[in-house]
There are 2 protein chains.
Amino acid sequence: MREGLKIFKIGGGIIDDESQLRQFLRELAQVSGRKLLVHGGGKGASQMLRDLGIEPQMVQGRRITDAATLDIVTMFYAGKTNKQVVSLLQAEGVNALGLSGADGNVIQAVKRPVKDIDYGFVGDLPAHAVNAEFVGQLLEMHLMPVFCAITHDGVGQLLNTNADTIAGSLAQALAAQYEVELHFCFEKDGVLRDLNDEASVIPQITAAEYQQLKAEGVIAAGMVPKLDNAFAALEAGVERVVIENALRINEPVKTILCGF
Amino acid sequence: MREGLKIFKIGGGIIDDESQLRQFLRELAQVSGRKLLVHGGGKGASQMLRDLGIEPQMVQGRRITDAATLDIVTMFYAGKTNKQVVSLLQAEGVNALGLSGADGNVIQAVKRPVKDIDYGFVGDLPAHAVNAEFVGQLLEMHLMPVFCAITHDGVGQLLNTNADTIAGSLAQALAAQYEVELHFCFEKDGVLRDLNDEASVIPQITAAEYQQLKAEGVIAAGMVPKLDNAFAALEAGVERVVIENALRINEPVKTILCGF
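Residues numbered from 1 in each chain as written. Chains lettered and ligands numbered in written order. Predicted model: local features only at pLDDT ≥ 70, side-chain atom pairs only at ≥ 80, totals over all residues. Heavy atoms only, no water.

Novice: Explain the overall build of chain A to me, using residue names and the numbers behind them.
Specialist: In terms of regular secondary structure, chain A is built from eight helices and 14 strands. Scaling as 2.2 N^0.38, a compact globule of 260 residues should have a C-alpha radius of gyration of about 18 Å, and chain A matches this with 18 Å. The buried share among the 260 residues of chain A stands at 55%. At a minimum sequence separation of 6, the contacts of chain A that also span at least 24 residues come to 71%. Counting 23 positive and 32 negative side-chain charges, chain A places the averaged centre of each group 1 Å from the other. (Helix = DSSP H or I, 4+ residues; strand = E, 2+ residues; numbered from the N terminus. Rg over C-alpha atoms; globule rule 2.2 N^0.38 Å. Buried < 20%, exposed > 50% of the residue type's maximum accessible area, 1.4 Å probe, protein only. Contact = heavy atoms within 4.5 Å. Lys, Arg positive; Asp, Glu negative; His and termini not counted. Charge placed at Lys NZ, Arg CZ, Asp CG, Glu CD.)

The structure is reproduced here in structure tokens:
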């Protein structure tokens, strides 16, 4: 039987609020068994770009990662945020190890090809981007890997990469070795049936039910790419995907997605 | 018989010059056997502090690491520089892994006690600060650890720490397990007998000869703390200390310090 592995992903909202971040990490320290964390970036990098007078490069409403922006996001994600998270986890007794994709060549990305838009130094993750064997070695050393959303291309270029994509790729790559639970942690208690009612958390959604909820318009907008991504992970062998409140990961209220 | 381990330390000068940094890393990739790297910071952090309008806090001519400064140096050393070095080493075929002291709790420092001056968030390294067992595990996984000069106190505080001190502490801690060579790489070919003659490199200096060279004033100023540190490492079991040009580590011209 495969051993369990819980993969947690947190976004920028919680990183921007130090007291919430500390609360999440205290809860995370209580989670037993093998675990790893993927964190996105917060608003700090954008603020610093503005403070330094670097204008955001936007094309068709989407941000372009030029060289100056890559420098700043690398500093924030791989430097400030990653090391802050690791040191706070150490303080909670968790032997955390911070990683970018370049470290140990753990995630090798491909610079997004230029079609209509040149997104700049942005990395996409092909199949086999993740060195699952290395992550497994770290986990068996009782370390908790903490991934920031910076990868590399293997020939010396760092790349800004979507944190949800990193979490999904890690989950899929590690599913061969572990029974993986992928936890997307955000500011709500789960997937809501009614966006205006925080108590309307749907406890469980199967793939068939998800198609129906999408068709009915109950699940719409920003949740759709997140859940499409989640069900793709389930199809690729991830055991369970959980959508939950970052501040209440040890409480029972959450949405569990399952493939069947 | 203990296996060999080469520990290289580079300073800010080479980090500030990308073409020199790339040349050093290409040379480093050619060095065979177990190796690790410690890098200091460059001028980038100071420049960014100025760009952001953060005034350096100086007391009696020495810089104080206040919270804003710690944030910026963490971003530069652990983020930008460390990840750039790791990704360039990966491009050279070296499986590098970037580390701050917080990662894997590999170096646990103590915040410098406030006596006459409060240096702020600066870490000193007590005996047993280095988790040598963990570094050994990484080396036996054929990884090359790359340390930045940021440590932590184990209870959630990151600390700015002198890179020479980190290199010396690593060398001493790993000397029990490996036959350690500690390489201080800088812009000159070694210790010069005449500062105005780049060709006057002293090939070898014993502890007794060092005392004599100091007494004669041949070795003075900035080299004294560096060499005091180096001879302390030799006394603590480090096999050999090498002072050499960062761009010519694979050439024979260098100064070798030995304890006897």
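Novice: Outline the pattern of salt bridges, supporting the account with residue identities and numerical values.
Specialist: In total, this model carries 30 salt bridges over all chains according to the counting rule given. Measuring nitrogen to oxygen at the nearest pair gives 2.9 Å for the salt bridge that ties D103(B) to K83(A). With D103(B) in the loop between β5 (96-99) and β6 (110-111) and K83(A) in helix α4 (residues 67-91), this residue pair bridges two chains. The burial state of D103(B) is the same as that of K83(A); both residues are buried. Note that R248(A) is salt-bridged to D189(A), the shortest N-O span being 2.3 Å. Of this pair, R248(A) sits in the loop between β13 (240-245) and β14 (255-258) while D189(A) sits in the loop between β11 (178-186) and β12 (204-206); the two residues are 59 residues apart in sequence, bridging distant segments of the chain. Since its relative accessible area comes to 10%, D189(A) is described here as buried. When salt bridges that share partners are traced, they join E3(A), R34(A) and E140(A) into one network. (Salt bridge = Lys/Arg side-chain N within 4 Å of Asp/Glu carboxyl O.)

Novice: Describe the interface of chain A and chain B, and please don't skip the residues or the numbers.
Specialist: Tallying the contact residues gives 38 residues for chain A and 38 residues for chain B. In total, about 2800 Å² of surface goes out of reach between chain A and chain B, with carbon and sulfur atoms giving 70% of it. Ranking the residues of chain A by area buried against chain B places M75(A), K83(A) and M141(A) at the top, with a combined share of 20%. Linking chain A with chain B are four salt bridges, by the criterion used here. (Buried area = accessible area lost by both parts, 1.4 Å probe.)

Novice: So what about helix α3 (residues 44-51) of chain B? Which residues, and what values?
Specialist: Regarding α3(B), the residues found buried are A45(B), M48(B) and L49(B). Take α3(B) and look down its axis: the buried residues cluster within an arc of 105 degrees, on one side only. For α3(B), the elements touching its buried residues are α3 (44-51) and α4 of chain A together with β4 (62-64) and α4 (67-91) of chain B. Residue G53(B) follows α3(B) closely and has a positive phi angle near 75 degrees. (Arc of directions from axis to C-beta.)

Novice: How would you explain the UniProt feature "site: Transition state stabilizer" (unreviewed entry) in chain A if you had to name every residue and give the values?
Specialist: Residue and element names in this part refer to chain A. The sites that carry the UniProt feature "site: Transition state stabilizer" (unreviewed entry) are, in the present numbering, K9 and K226. Spatially, the listed residues are clustered: although they cover 218 residues, their C-alpha atoms lie within 11.8 Å of one another. For K9, the location among the structural elements is in strand β1 (residues 3-10). Since its relative accessible area comes to 9%, K9 is described here as buried. With near-sequence residues (within four places) excluded, K9 lies in contact with V38, A163, D164, A167, H183, F184, C185 and K226. Leave out the neighbours within four places in its chain, and K226 touches K9 and D164. (UniProt positions renumbered as here; feature names shortened; annotations may be inferred.)

Novice: Hey, could you go over the UniProt feature "binding site: substrate" (unreviewed entry) in chain A for me, with residue numbers and the actual values?
Specialist: All names here are of chain A. Taking the UniProt record as the reference, the feature "binding site: substrate" (unreviewed entry) is found at G41, G42, R63 and N160. Of note, G42 is situated in the loop between β2 (34-39) and α3. Exposure remark for G42: the relative accessible area of 18% places this residue in the buried category. Setting aside chain neighbours within four positions, we find G42 in contact with G12, I15, D16 and Y77. Tracing the chain through its elements places N160 in strand β10 (residues 158-160). Apart from the residues lying within four places of it in its own chain, the contact partners of N160 are T65, L70, V73, Y77, F121, V122, G123, A149 and I150. In terms of polar contacts, N160 uses its side chain to reach the side chain of T65, at 3.3 Å. (Polar contact = N/O pair within 3.5 Å; in protein donor to acceptor, adjacent residues only side chain to side chain.)

Novice: I'd love a proper account of the packing of α3(A) against α4(A), names of residues and values included.
Specialist: All names here are of chain A. One can describe the packing of α3 onto α4 by two numbers: an axis separation of 9 Å at closest approach and a directional angle of 135 degrees. Classified by the angle between their axes, α3 and α4 sit oblique to one another. Where α3 crosses over α4, the handedness of that crossing is right-handed. Contact residues: G44, A45, M48 and L49 in α3; A68, T69, I72, V73, F76 and Y77 in α4. (Axes fitted to C-alpha atoms, helices over the stretch in contact; angles between N-to-C directions. Parallel < 35°, antiparallel > 145°, perpendicular 65-115°, else oblique. Left-handed = near helix turned anticlockwise from the far one by under 90°.)

Novice: Describe empty space enclosed by the protein, listing the residues and the values that go with them.
Specialist: Think of a ball as big as a water molecule: rolled over the atoms, this probe shows where empty space is left. All names here are of chain B. Following the criterion strictly, the structure yields one cavity of 30 Å³ or more and no others. Here the largest cavity is characterised by a volume of approximately 40 Å³. What lines the largest cavity is S46, L49, R50, I54, E55, P56 and R63. Top element by residues in the lining of the largest cavity is α3. It accounts for three residues. (1 Å grid on protein atoms, 1.4 Å probe; cavity = no way out; pocket = protein on both sides within 12 Å on 5 of 7 lines; lining within 4 Å. Points joined across faces, edges and corners; volume = space filled by probe spheres on them.)

Novice: Describe the pairing of β14(A), and please don't skip the residues or the numbers.
Specialist: Residues and elements named next belong to chain A. Pairing of β12 with β14 involves three bridges; the strand directions are parallel. Paired with I205 across the strands is L257, a residue of β14. One ladder, built from three bridges, connects β13 with β14; its direction is antiparallel. Across the sheet, V242 pairs through a bridge with I256, a residue of β14. (Pairing = 2+ DSSP bridges.)

Novice: Tell me about the sheet that holds strand β13 (residues 240-245) of chain B, residues and numbers included.
Specialist: Consider a sheet: its strands pair through backbone hydrogen bonds, and that pairing is either parallel or antiparallel. Residue and element names in this part refer to chain B. Spatial strand order, β5-β8-β2-β1-β11-β13-β14-β12: eight strands in an open sheet with mixed pairing. Of all the strands in the sheet, just β5 and β12 (204-206) have a single pairing partner and so form its edges. Across the sheet, the mean angle from the axis of one strand to that of its neighbour is 20 degrees, orientation sign disregarded. In the packing of helix α7 (residues 207-215) onto the sheet, the strands contacted are β12 and β14 (255-258), and the crossing angle to β12 comes to about 95 degrees.

Novice: With reference to specific residues and values, describe the relation of the copies chain A and chain B.
Specialist: For the pair chain A and chain B, the relating rotation is 180 degrees, the translation along its axis is 0.0 Å, and the fit reaches an RMSD of 0.0 Å. Viewed as a symmetry operation, the transformation between the two copies matches a two-fold axis. Nearest to the rotation axis, the C-alpha of G79(A) is located 1.8 Å from it, this being the minimum over chain A. Comparing contact sets, 100% of the residues at the interface of chain A also lie at the interface in chain B, consistent with an isologous, same-surface contact. (Least-squares fit on C-alpha atoms with pLDDT ≥ 70 in both.)

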